[in-house]
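Here is what each chain is made of, one letter per residue.
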Amino acid sequence: MGFAGRSIISLHDMTAGDLNRIIEATYDTKSGRESGFLRGKTIAVMFFEPSTRTRLSFESAIQRSGGTVIGFANPTSSSQSKGESFADTIRTVTGYCDAMVIRHPVEGSARLASDIATVPVVNAGDGANQHPTQTFLDLFTMWESFGRLDGLHIGMLGDLKYGRTVHSLATAMSMFGARMTFISPHTLQMPDMIKRELTEAGIGFREVRQPEEAGDDLDVLYVTRIQRERFGDPQEYESVAHSFRITSETVRSLGGRVLVMHPLPRVDEISEDVDLLPNAIYFRQAHNGIPTRQALLGLVTGGIS
Ligand code: NCD
């Protein structure tokens, strides 16, 4: 399926071919072969939940490709604070733009918006569910580092229950025959639904409690923070907060060649001494959010064909 006019809501709607096309378009954008493809387009960026990287990188991506941004960073500055429904906001804004980017705390909200809008909707994170554009930039960063995605061994560590980035990433990596090791406290394991999906796809995975148990052949250690805001009970959060701290010693114990990734923001799960190692690629990863989001918006608006 082509990309023009298409909403990007979940990795479950995508194929390996789609992901390869996004990586290729990101490469063309980063290398300057594609540029200016959002000229004359208006993109609405609507954030109903806090963000630094995702929102600013979308806004920067739009401007760097010649497009215009409208939107809000905070729902209290929109008419939702006057009691307007989410559906009415979408019905209105769809007439003001060529595509919309939405982050919202409720799972399924991006899908709902795409059912209402007449322009493509890009999900920039819906609750604990999915975060597809983070996965695209993660895939691009791995592809840039290894020259391939096929058959990598990836360890995902941290809050695998509430972390939407690892949900999208596990589904995506399964399309490339990855091996996965899930590292989390028992109460924050990868949801059964995703584990079932991996089993059905014939993807091997293991579940362990600490990074040292992941073996010494990981290609990538993908670290995530414990998602404090998604816990109903603060005591439940406290019982698992600070469960991990990746140090340069941990990196050595994993064989020393593992690449350490993180969607950011980091709290205390990676110590700053790791930043100095060549293994630490999380800031390059964050910077890849620009060409990735440029390319994706180019594809869905038809500016890149
Ligand atoms: C992630 C998110 O919002 O899910 N942040 C991001 O977009 N880079 C990860 C997180 O908040 O922990």
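Residues numbered from 1 in each chain as written. Predicted model: local features only at pLDDT ≥ 70, side-chain atom pairs only at ≥ 80, totals over all residues. Heavy atoms only, no water.

Please explain the sheet that holds strand E1 (residues 42-47) as it appears in this structure.
Strand-to-strand pairing in sheets goes through backbone hydrogen bonds, with the strands running parallel or antiparallel. An order of E2-E1-E3-E4 is seen for the 4 strands of this open sheet, with the pairing classed as parallel. At either margin of the open sheet sits one strand with a lone partner, and together these are strand E2 (68-72) and strand E4 (121-126). The sheet shows a mean angle of 15° between the axes of neighbouring strands, direction not considered. Where strand E3 (residues 99-104) lies against E4, 4 bridges are found, and the strand directions are parallel. Residue pairing across strands places Met100 opposite Val121, the latter belonging to E4. (Pairing = 2+ DSSP bridges. Helix = DSSP H or I, 4+ residues; strand = E, 2+ residues; numbered from the N terminus. Axes fitted to C-alpha atoms, helices over the stretch in contact; angles between N-to-C directions.)

How should the site of the ligand be read in this particular structure?
Lining the immediate surroundings of the ligand are Thr54, Arg103, His131, Gln134, Arg164, Thr165, Arg225, Gln227, Pro263, Leu264 and Pro265. The contact in question runs from an oxygen atom of the ligand to an N or O atom on the side chain of Arg164, over 2.8 Å. Between the ligand and Pro263, the relevant distance is 2.9 Å, taken from a nitrogen atom to a main-chain nitrogen or oxygen of the residue. Under a 2 Å grid-point criterion requiring more than half of the atoms, the pocket assigned to the ligand is the largest pocket. (Near = heavy atom within 4 Å. Polar contact = N/O pair within 3.5 Å; in protein donor to acceptor, adjacent residues only side chain to side chain. 1 Å grid on protein atoms, 1.4 Å probe; cavity = no way out; pocket = protein on both sides within 12 Å on 5 of 7 lines; lining within 4 Å. Sits in = over half its atoms within 2 Å of the grid points.)

I'm lost on the nonpolar core in this one. Help?
A general trend in soluble globular proteins is that nonpolar side chains are found buried together. Formed by 52 residues in total, the largest nonpolar core has its most connected members in Val101, Met142, Ile154, Met156, Met173, Met180 and Leu297. For Leu297, the residues in contact, after removing those within four places along its chain, are Leu38, Ile43, Phe58, Ile62, Val101 and Val122. The next biggest cluster of nonpolar side chains, apart from the first, holds 18 residues, and it includes Leu157, Phe244, Val251 and Val274. (Core = buried A, V, L, I, M, F, W, Y, C linked by side-chain atoms within 4.5 Å. Buried < 20%, exposed > 50% of the residue type's maximum accessible area, 1.4 Å probe, protein only. Contact = heavy atoms within 4.5 Å.)

Please clarify how the environment of Arg55 should be interpreted in this entry.
Assignment of secondary structure puts Arg55 in helix H2 (residues 53-64). By relative accessible area, which is 18% here, Arg55 ends up buried. Residues Arg55 and Pro234 lie 179 residues apart in sequence; the distance between their C-alpha atoms is 27 Å. Ignoring any residue separated from it by four or fewer positions in sequence, one finds Arg55 in contact with Val45, Phe47 and Ala73.

Looking at this structure, how should I read the packing of aromatic side chains?
Between two aromatic rings, the relevant description is the distance of the centres plus the angle of the planes. Tallying each qualifying case throughout the model produces 8 aromatic pairs. Ring centres 5.6 Å apart and planes at 75° place the aromatic pair Phe231 and Tyr237 in the edge-to-face group. Here the two residues Phe231 and Tyr237 agree in accessibility, since each one is buried. The rings of Tyr27, Phe140 and Trp143 are connected pair by pair, giving a single aromatic cluster. Here the guanidinium or amino end of Arg6 rests over the ring plane of Phe3, the centre of that ring lying 4.8 Å away. (Phe/Tyr/Trp six-rings, centres within 6.5 Å; stacked < 30°, edge-to-face > 60°. Lys NZ or Arg CZ within 6 Å of the ring centre and 35° of its normal.)

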